Amino acid sequence: MSKGLITVRIGLDDTDHPDSGCTTHSFDHLLHELSKVKGVDILDRMLVRLWPYATRRTRGNGALSSRLSLPIESKDHFMQTCSDWFDELLNDIVEIPRDQNSPSPALLISFGKVPENWYWEAVRGEVRLEHREEEVNSFGITVLSHPDKWGIIGASSAISWNPPINHSWELIAWRKSHLVGTKRTVSKDSVMQLSELFTDTFMNRDPTADKGIIAPRTPCPVLYGIRGASKEAVESAHIWMQDVETNEKCESWASHMSNQLSDDHLSGPSFGTVISDPRVVKGAHASLRVISEGSGETLVAFSEGGPVNRLLRQLSPGDTVSWMGLRSPDKAIHLEKLKIVSASPRITTRPRCCGKAMRSKGKNQDLSCDKCKMKTPKYWLSDEWSPDIPSSFDGWTQPPPSQRRHLSMPLELGIPS
């Protein structure tokens, strides 16, 4: 950093409501205002997804952060711009009825280092607001927040994320203001071609449902989001999408470094032995019990999980399995990936004699051949079994693209080890 320049990191969360708004759009507006401050340079943008089961989570469960550089003499102007912008934001949301989904924004401004564990705590579990607020204050971070303060958790987690070398990217395009709330025009054919033309982009469509998954279905300002392996990949894809005549034209767009597709919310694969038959309830949701490291666990696969659900429903006691999943508030593990390591033999039929299966003559009696009358102790033949689940990922199964979490790494990008 050149002499006379300082670096600041800002984080924002919880500006949206299920029926309106978007934190990414709010953050873009804030950065636009800050770019007017003399000497300010926006160094990067980050979009961070957090623990999917958080009690108070926003619609996309994501928070935003950015590093900026600015001359020391512009610091006061910078801070005042942040304060003025945040006051305007609070005025904009004051009309929204207060309920458990109401916006509770927070903007954090840090001129120093922050603990990386803030990110890991929030991506892998529940964070208590009181505890995080106390930690944030101890680091001398400027906090602008709604009285409810919930946005502090996400904003602090976003500014503490240090992107690894292999992080993903997401380009977000925002709609023209007069179109927000109307039906988006993003052609299915263009999304299909997007995957074929730009092979370094991910999760553009769900081939199992024959639909694109880059455009949200909520009345928010986002037109679409394109995820990929590099900034160049998502920006090239976006430019191409905007050149498609039938697609809606965006008002603005920006590329973000992201923890999406990282599996950061999960630890490595777990292993266990099946000890119960699958229990299938209405809707085809299925669960069973396993023994893992001396303790019993419940594995759950919802019908939307597709191949994961079908594999779990075929398992039997004695099978050894490996899985990756998220422990839900009820302590069950909701599966995101599942693999059978070794299968117990499946009993298939009685032994045969004279071309037919031998028959039982009753309780505690031997099997007998009806034709030659030969007898044998009662037993069943068994065969090795392999699941009826096609897989090209070393036996691992995963849900279809439209049913995966933002954080889940597709098997196409890496096999669990």
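Going by the structure above, here's the rest.
Please read all numbers here as calculations on a predicted model, not as lab measurements.

## Let's talk about the pattern of salt bridges
Here's step 1: Within the structure shown, the criterion is met by 15 salt bridges.
Here's step 2: Put simply, Glu-336 and Arg-405 hold a salt bridge, and the shortest N to O gap is 2.9 Å. Of the two residues, Glu-336 is situated in strand β17 (residues 333-342) and Arg-405 in the segment after β24 (381-383); the sequence distance between them amounts to 69 residues.
Here's step 3: The class for Glu-336 is buried, based on a relative accessible area of 6%.
Here's step 4: Arg-405 sits in the partly exposed class, given a relative accessible area of 26%.
Here's step 5: For Lys-339, the salt bridge goes to Asp-394, with nearest N and O atoms at 3.3 Å.

## So, helix α4 (residues 129-138)
Here's step 1: Every buried residue of α4 is listed here: Leu-129, Arg-132 and Val-136. With its buried residues spanning 70° around the axis, α4 presents them on a single face. Of the residues in α4, the exposed ones pointing more than 90 degrees away from the buried face are Glu-130, Glu-134 and Ser-138.
Here's step 2: Gly-140 occupies a position one or two residues after α4 and carries a positive phi of about 70°.

## What about the sheet that holds strand β10 (residues 222-228)?
Here's step 1: Spatial ordering of the open sheet is given by β5-β4-β1-β3-β2-β11-β6-β10-β7, a layout of 9 strands whose pairing is mixed. Only two strands of the sheet have a single partner each, and these edge strands are β5 (142-145) and β7 (201-202).
Here's step 2: Pairing analysis gives 6 bridges linking strand β6 (residues 168-174) to β10, with the strands arranged antiparallel. Residue Trp-174 lies in a different strand from β10, and its bridge partner there is Val-222.

## Focus on the layout of surface pockets
Here's step 1: When its volume is computed, the second largest pocket comes out at roughly 500 Å³.
Here's step 2: Taken together, 27 residues line the second largest pocket, and the ones lying closest to its centre are Pro-207, Gln-398, Pro-401, Arg-404 and Glu-412.
Here's step 3: Where the lining of the second largest pocket is concerned, the elements lending two or more residues are β7 and α8 (307-314).
Here's step 4: Along the lines of polarity and charge, the residues of the lining of the second largest pocket split into 14 nonpolar, 9 polar and 4 charged.

## A look at the packing of helix α1 (residues 23-34) against helix α2 (residues 75-93)
Here's step 1: Packing of α1 against α2 brings their axes to within 10 Å, and their N-to-C directions diverge by 145°. Viewed along their axes, α1 and α2 form a crossing whose handedness is right-handed. Within the contact between the two elements, α1 uses Ser-26, His-29, Leu-30, Glu-33 and Leu-34 and α2 uses Phe-78, Thr-81, Cys-82, Trp-85, Glu-88 and Leu-89.
Here's step 2: Residue composition of the contact of α1 with α2, grouped by class: 6 nonpolar, 3 polar and 2 charged.

## Focus: α1
Here's step 1: Here α1 spans 16 Å end to end across 12 residues, near enough to the 16 Å set by a 1.5 Å rise per residue.
Here's step 2: If you check which residues of α1 are buried, you get Thr-23, Thr-24, Ser-26, Phe-27, Asp-28, Leu-30, Leu-31 and Leu-34.

Parameters and conventions
- Residues numbered from 1 in each chain as written.
- Predicted model: local features only at pLDDT ≥ 70, side-chain atom pairs only at ≥ 80, totals over all residues.
- Heavy atoms only, no water.
- Salt bridge = Lys/Arg side-chain N within 4 Å of Asp/Glu carboxyl O.
- Helix = DSSP H or I, 4+ residues; strand = E, 2+ residues; numbered from the N terminus.
- Buried < 20%, exposed > 50% of the residue type's maximum accessible area, 1.4 Å probe, protein only.
- Arc of directions from axis to C-beta.
- Pairing = 2+ DSSP bridges.
- 1 Å grid on protein atoms, 1.4 Å probe; cavity = no way out; pocket = protein on both sides within 12 Å on 5 of 7 lines; lining within 4 Å.
- Points joined across faces, edges and corners; volume = space filled by probe spheres on them.
- Nonpolar A, V, L, I, M, F, W, Y, C, P; charged D, E, K, R; others polar.
- Axes fitted to C-alpha atoms, helices over the stretch in contact; angles between N-to-C directions.
- Left-handed = near helix turned anticlockwise from the far one by under 90°.
- Contact = heavy atoms within 4.5 Å.
- Expected span 1.5 Å × (residues − 1).

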